[in-house]
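Structural characterization, general
Here is what each chain is made of, one letter per residue.
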Amino acid sequence: MASLPDAELPKPPLLLPIVAVVFTGVAAAGVILASLNDRAIAMGFFAAALLAAGVMLAMGRLFRSPTTSIERYTDWAIAHALASASDDALAVTDRSGRMVCANPRYEALFGGWPTPPNLPIGDEGERALGACARAAWRDGESRCNDVQVFGAQVAVRVARVGDESLVWRFIGIHALDLAVQVQGLLAGPTGDRLGGAGVMVVLVAPDGRIRSANRVFRHRALGSADAMADGRDFAGLLITDSIGQVRFEREGMEGTPLRVLQIPFLEGDEAPLLVALLDEEPAVIANPAIAGSASAHVHSLIALLPTGLALIDRDGRFLTMNDAFVRTARVNPSAPPLYPGDLVVREDKATLADAVRRFAGGAPQSLEITVRLKDVSEEPVAITIAGARGLGDAAVLLSLRDSGEEGKLKRQIAQATKMQAVGQLAGGVAHDFNNILTAIIGHCDLMLMRHSPGDSDYDDIQQIRANSNRAASLTRQLLAFSRQQTLRPQVLQLPDIISEVSNLLKRLLGETVSLDVKHGRNLGPVRADPGQLEQVVVNLAVNARDSMLSKNPSGGGSLTIETLAVSSADVRRMDDDVLPVGDYTALRISDTGTGIPPEILPKIWEPFFTTKEVGKGTGLGLSTVYGIIKQSGGYIFAENNPGGGAAFTIYLPVHTAPEAAVAKLPVVKEKPADLWGTGTILVVEDEDMVRAIAERALTRQGYSVVTAENGEVALETIETMDKPDLLVSDVVMPVMDGPSMARKVRERWPDLPILFMSGYAEEQLRRSIDLDNVAFLPKPFSVQQLAEAVQEILVAK
């Protein structure tokens, strides 16, 4: 009851506060009785309250004060007394949802004074009470039947009194009396007597939280008998070992094992659980490496076997598992599984559990099933299940074969086969596409000869030519991946290549990324195409830049390029299955970016695989790098740096030919200014458009051109013509290919020069062409490139 200082109020007659108390008490009683359906008596209380209010109003006019208020004299003592006499749980909330008062039955039921509808009865119960409250504010009264409160069906009635209060009445809570009584008993002397007998008892709410526990439980689980256990997660206080024994988490695996008993005393899924815990003697350990109650000799034998074996009891729990099983199944020793199903993915749990249950019941024959382990779900493993008899508590024997190395080898073979198939497809597509690009680029060149830079069509033709060159670059990437690209290998030193490309790298990386170049000593020469090696370095540097920008969009990072000598002894110490023993010159490019996720690392060499956004990468960058290095006879490996970022290491064999002269820089040949010439050229090409372009281009340069659409026609043609000055032929043609046709022609004219043109790699073709005085022109080529190649051969002749 609130009090006011005497100095603030005029002295009213003693009757005014008395009448105020009478008014508030009688009105509160009317509120409670109205909510209890005692309407006749309630109306009498309200009439008396109105009479008292009239007296107060008349007296208040004589002693008016700005701070005088009826609320100053509000006293809920009478209301409490009436509510305490009810067998139901009662509570009153105001318009803003605050708790005004509640009777002891309400406090005992909910363990305090939570404000409805936010009660610890589950989300569904809260929603039902909320809807009931809204209906009561709207209609004056509402009722909710069959509300689950701690496992019992309870009816809730909500009544609105005036415009300021709701009265909540929980009817039929007698079924909960036992739970409330048990909760009080555990916290009192009864709980202490149970603890003296060695029984730890705890009452657990449906959500797994502790509602009450005796002192001995709080001492063992929390470290102090006076510790507050209410509201703690019961399961979080316990741990389970590999054989299913339960201990207190605070005591660890060295603590005393516990026997856990659940005592049912209320029905329903929402009923609280009464759990008793008793100390249990630890199981006899036959060997520190294995546990269980089966024969110690059998367990010792299982522990020594290299095959992964585990014993399961009749309840489907692990009794023991040997080291091979732990290693093969990727078992975490700090958190061993309790059931076999804990090892596999969710989709395989039911299959494995049913098989174990069937053999535990006495199935006579063994069974092999394929499952997927949780940690390596992409690798199915075979588990053999058999019934176990005469091994004590063991009922099922599981056998798991370690197929890690075998699976790794299978994946490598599958990956190599896939890469080879994709490479063959890419090479074939690139060859056919190069013929189309040759025709497009050639026609553009012929049209540009008839247009000057000021013509209206000149820019459009240049645009077509530029896009054709971009497409040609894409085909070169496909050929590089399939190892069918034309290379111009030279004997060179890696530092010279890095020096040539450093200026370009600085522009590509920008000012925010630092470039650090380190060269080792005693580097051996390597044989490779300098232009293609520059492309490898540029591709790796651009990927590193993008990785660093994704990690830090504002810029920053460091790219390190190192060259180092790797001797045969170093390779032996590396003990790598892929890298053969030998002397290498290595190139290592590392960055400080985000690194490569482990699940992506095996896929980075695949063509068209990219992690960049759509339209920002073709997925051919790393596959091109891979193809160039492999075609050069080298090896490339990718890994993540321990401190962050990725590193690519390239191993190129040291070139040991004594007559090899090291080229310091790539030699750039001067192009002749005048491409005019004379003579007769026989052009053999099965693609009509390419043949037409070659004929028109060479004719414009002053040559006399004779054409043939395949090798057989070419042989018929030479029978009726004089010796040509040059034979220009495609390599791959139907019926008779270019090399076969060239051998027949050489039988007649042994010294006839030959120019082969093809979309395939020159190295691959030279291995299949045993002819001298043969030149090569890769497709696609321009009109000028064709004229330059022809003039170079004829001048040398």
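Since this is a predicted model, take the numbers as computed values, not measurements. (Residues numbered from 1 in each chain as written. Predicted model: local features only at pLDDT ≥ 70, side-chain atom pairs only at ≥ 80, totals over all residues. Heavy atoms only, no water.)

**Things to note about the overall build of the chain**
The line we're drawing: Strands here are runs of E lasting at least two residues and helices are runs of H or I lasting at least four, both read from the DSSP assignment and numbered beginning at the N terminus. Relative accessibility thresholds used throughout: buried, under 20% of the residue-type maximum; exposed, over 50%; partly exposed, between the two (1.4 Å probe, protein chains only). Throughout, a residue-residue contact means that at least one pair of heavy atoms, one from each residue, lies within 4.5 Å.
Per the secondary structure count, the chain includes 22 helices and 28 strands. Sorting the 797 residues of the chain into buried and exposed places 44% on the buried side. Taking contacts inside the chain between residues at least 6 apart in sequence as the whole, the part at least 24 apart equals 60%.

**Focus on the sheet that holds strand β25 (residues 704–708)**
Inclusion rule: When DSSP finds two or more bridges between a pair of strands, those strands are recorded as paired. In this description, a line fitted to the C-alpha atoms serves as the axis of each element, helices being fitted only across the stretch in contact, and the angle between N-to-C directions of two axes falls anywhere from 0 to 180 degrees.
Strand order in this open sheet of five strands is β25-β24-β26-β27-β28, and the pairing throughout is parallel. Across the chains shown, the open sheet's two edge strands, defined by having one partner strand only, are β25 and β28 (774–778). Strand-to-strand twist in this sheet, taken as the mean axis angle between neighbours without regard to direction, amounts to 20°. Direction of pairing for strand β24 (residues 680–684) relative to strand β26 (residues 726–730): parallel, over a ladder of four bridges.

**Notes on unusual backbone geometry**
Here the amide bond leading from P116 into P117 is cis, since omega sits at 10°, within 30 degrees of zero. Mapped onto the fold, P117 is located in the loop between α4 (104–110) and α5 (123–139). For the bond running from K779 to P780, omega is -5°, close enough to zero to count as cis. By the element assignment, P780 lies in the loop between β28 and α22 (783–796). One non-glycine residue, R330, lies in the positive phi region at around 55°. If you trace the backbone, R330 turns up in the loop between α10 (323–328) and α11 (346–360). For R330, a relative accessible area of 36% puts it in the partly exposed group.

**Looking at the nonpolar core**
In a soluble, globular protein the nonpolar side chains are often hidden away together inside. As a reminder of what qualifies: Here, nonpolar core refers to any group of buried Ala, Val, Leu, Ile, Met, Phe, Trp, Tyr and Cys residues whose side-chain atoms link them within 4.5 Å.
Counting residues in each nonpolar core, the largest one holds 36 residues, and the members touching the most others are L533, V537, L540, L587, I636, F648 and I650. Broken down by element, this core gets its largest block of residues, eight residues, from helix α15 (residues 530–551). Discounting chain neighbours no more than four positions away, the residues touching L533 are L492, L494, I497, A528, I629 and L652. In terms of nonpolar packing, the next biggest core, distinct from the first, is built from 24 residues, V344, V356, V371 and L398 among them.

**Some thoughts on the packing of helix α19 (residues 711–718) against helix α20 (residues 738–748)**
Convention followed: Here is the rule for angles: anything less than 35 degrees is roughly parallel, anything more than 145 is roughly antiparallel, 65 through 115 is roughly perpendicular, and the remaining ranges are oblique. By the definition used in this description, the sense in which the near helix is turned from the far one sets the handedness, with an anticlockwise turn below a right angle giving left-handed and a clockwise turn giving right-handed. The residue classification treats Ala, Val, Leu, Ile, Met, Phe, Trp, Tyr, Cys and Pro as nonpolar and Asp, Glu, Lys and Arg as charged. All others, Gly included, are polar.
Close contact between α19 and α20 brings their axes to 9 Å; oriented N to C, the two are set at 15°. When the axes of α19 and α20 are compared, the pair comes out roughly parallel. Crossing of α19 over α20 shows right-handed handedness. In this structure, α19 uses G711, A714, L715 and I718 to contact α20, whose residues at the interface are M741, K744, V745 and R748. When its residues are assigned to classes, the contact of α19 with α20 shows five nonpolar, one polar and two charged.

**Let's talk about the pattern of salt bridges**
Basically, it comes down to this: Salt bridge criterion: a side-chain nitrogen from Lys or Arg within 4 Å of a carboxyl oxygen from Asp or Glu.
Under the definition given, this model contains 20 salt bridges. Between D313 and R317 there is a salt bridge, with the nearest N and O atoms lying 3.7 Å from each other. Classification of R317 by relative accessible area gives partly exposed; the value is 24%. Salt-bridge contacts for D354 lead to R357; the nearest nitrogen and oxygen are separated by 2.8 Å. Residue D354 and its partner R357 are both found in helix α11; the two are separated by three residues, about one turn of the helix. Residue class for D354 comes out partly exposed when judged on its relative accessible area of 39%.

**Points about the sheet that holds strand β20 (residues 558–566)**
Strand order in this open sheet of five strands is β18-β20-β21-β23-β22, and the pairing throughout is mixed. What marks the edges here is a single partner per strand, and that holds for β18 (514–519) and β22 (635–640). Direction aside, neighbouring strands of the sheet carry axes that sit 15° apart on average. The sheet contact formed by β22 and strand β23 (residues 646–653) spans six bridges and is antiparallel. Paired with I636 across the bridge in β23 is I650. Here helix α14 (residues 494–509) sits on the sheet and contacts β18, β20, β21 (584–590) and β23; the angle it forms with β18, its principal contact strand, is near 175°.

**Quick look at α5**
The test is simple: By definition here, a helix of n residues has an expected span of 1.5 Å times n minus one.
Here α5 is 17 residues long and its end C-alpha atoms lie 24 Å apart, about the 24 Å a rise of 1.5 Å per residue gives. The set of residues buried in α5 consists of G125, L129, G130, C132, A133, A135 and A136.

**Things to note about the environment of E687**
In this fold, E687 is placed in the loop between β24 and α18 (688–700). Judged by relative accessible area, E687 falls into the partly exposed class, the value being 26%. Taking the C-alpha atoms as reference points, E687 and N710, separated by 23 residues in sequence, lie 9.1 Å from one another.

**Thoughts on the pairing of strand β6 (residues 200–204)**
Within β6, five of the five residues are buried, which leaves it mostly tucked inside the rest of the structure. A two-sided burial pattern is seen for β6, the buried positions comprising M200, V202 and V204 on one face and V201 and L203 on the other. Sheet analysis places β6 next to strand β11 (residues 273–279), joined by five bridges and oriented antiparallel. Among the inter-strand pairings, V202 is bridged to a residue of β11, identified as V275. Between the end of β6 and the start of strand β7 (residues 210–213), which pair antiparallel, lie five residues, with G208 showing a positive phi angle near 90°.

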